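# Survey of secondary and tertiary structure
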Amino acid sequence: MAEYVDAFATAYDRFWAPYPQRMGEAWLRLHERVAPGAERSLLDVGCGTGIVAARFAAAGYRIVGVDISAAMIARARERLAGTDAVLLTADATDFEVPRPCAFALSTYDIVNHVGEIDRVRAYLRRVHAAVAPGGWFGFDMSTLRGLRADVPPVTREDGAASVVAARGPLDGDRRPLHITGELRTDDGEATPFTTTITNTAHRVADVLAALADAGWVTSHVAAIDDLLTGVPDPEALPRVAVVARRD
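Residues numbered from 1 in each chain as written. Predicted model: local features only at pLDDT ≥ 70, side-chain atom pairs only at ≥ 80, totals over all residues. Heavy atoms only, no water.

## Description of the sheet that holds strand E11 (residues 226-230)
Think of a sheet as strands paired side by side through backbone hydrogen bonds, with each pair either parallel or antiparallel. Taken together, eight strands build an open sheet; the order of strands is E3-E2-E1-E4-E5-E12-E10-E11 and the sheet is mixed. At either margin of the open sheet sits one strand with a lone partner, and together these are strand E3 (86-89) and E11. Strand after strand, the sheet turns through a mean of 25° between neighbouring axes, direction not considered. Alignment of strand E5 (residues 131-142) against strand E12 (residues 239-246), held across seven bridges, turns out to be antiparallel. (Pairing = 2+ DSSP bridges. Helix = DSSP H or I, 4+ residues; strand = E, 2+ residues; numbered from the N terminus. Axes fitted to C-alpha atoms, helices over the stretch in contact; angles between N-to-C directions.)

Here is the structure:
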């Protein structure tokens, strides 16, 4: 997993926010559907700048957020100021929560970011330990199809920032995403930044097997635009969502 610098955390909020905003709404609706009346508590693993967590906090959820990046956690603290959210700078495979949560989620391909399948297993076990019996867990992931696809570089810019995100070549089961950019102040001073996010490709079936080994019961695998409905062939989609329950 990448250690994001503060400048990238700022750019993330400017240019990558729409996806976590949309998925925050979708995951909130899913939890209210599958667990009506459940305690309103959320564990957000890979919480980033707190966009999803803030949506759940606004709905009355107690929040625990975990992210490996101190810069991302600092931005999340700003976003969640005035709430009782607990925000931890920690690896997704190794963290402790004050008390179990009723719902856990990870948005934006954390399964691909943590690395090899043994680290995925450790992540799934750690989340299992942090969720109360009967609780639920949701996460999205890029499939083999999604990570193998060739996509052109993406450039985003406004008056205060610019970024270029470009995929590197697939190396075995790993594919880097190189992000370069700069932030600009009103007086024209620029702060450049660069980071590389390495995504590891996993078969959906392997992740589901690891999920079961960690003690989860898979409910279904869905398309990200319809979290409530299972899909017959997850590998046919570039990204899928997995919904599971803890006994």
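## Section: the sheet that holds strand E9 (residues 190-200)
Reading across from one edge, E6-E7-E8-E9 is the order of the four strands in this open sheet, with antiparallel pairing throughout. Unpaired on one side and paired on the other, strand E6 (154-157) and E9 mark the two borders of the sheet. Adjacent strand axes in the sheet meet at a mean angle of 10°, parallel and antiparallel pairs treated alike. For strand E7 (residues 161-167) and strand E8 (residues 174-184), the ladder comprises seven bridges, and the chain directions are antiparallel. Paired with Ala165 across the two strands is Ile179, which belongs to E8. The sheet strands contacting helix H1 (residues 6-15) are E6, E7, E8 and E9, and the helix crosses E7 at an angle near 90°. (Contact = heavy atoms within 4.5 Å.)

## Focus on helix H8 (residues 204-213)
Every α-helix carries 3.6 residues per turn, so stepping three or four residues along brings you back to the same face. Val204, Val207, Ala210 and Leu211 are the residues of H8 that are buried. Along the axis of H8, the buried positions cluster into a sector of 125°, meaning they face one direction only. Where the residues of H8 are buried, they touch helix H5 (110-113), helix H6 (117-130), E5, strand E10 (216-223) and E12. Looking at the residues trailing H8, positive phi occurs at Gly215, about 105°. (Buried < 20%, exposed > 50% of the residue type's maximum accessible area, 1.4 Å probe, protein only. Arc of directions from axis to C-beta.)

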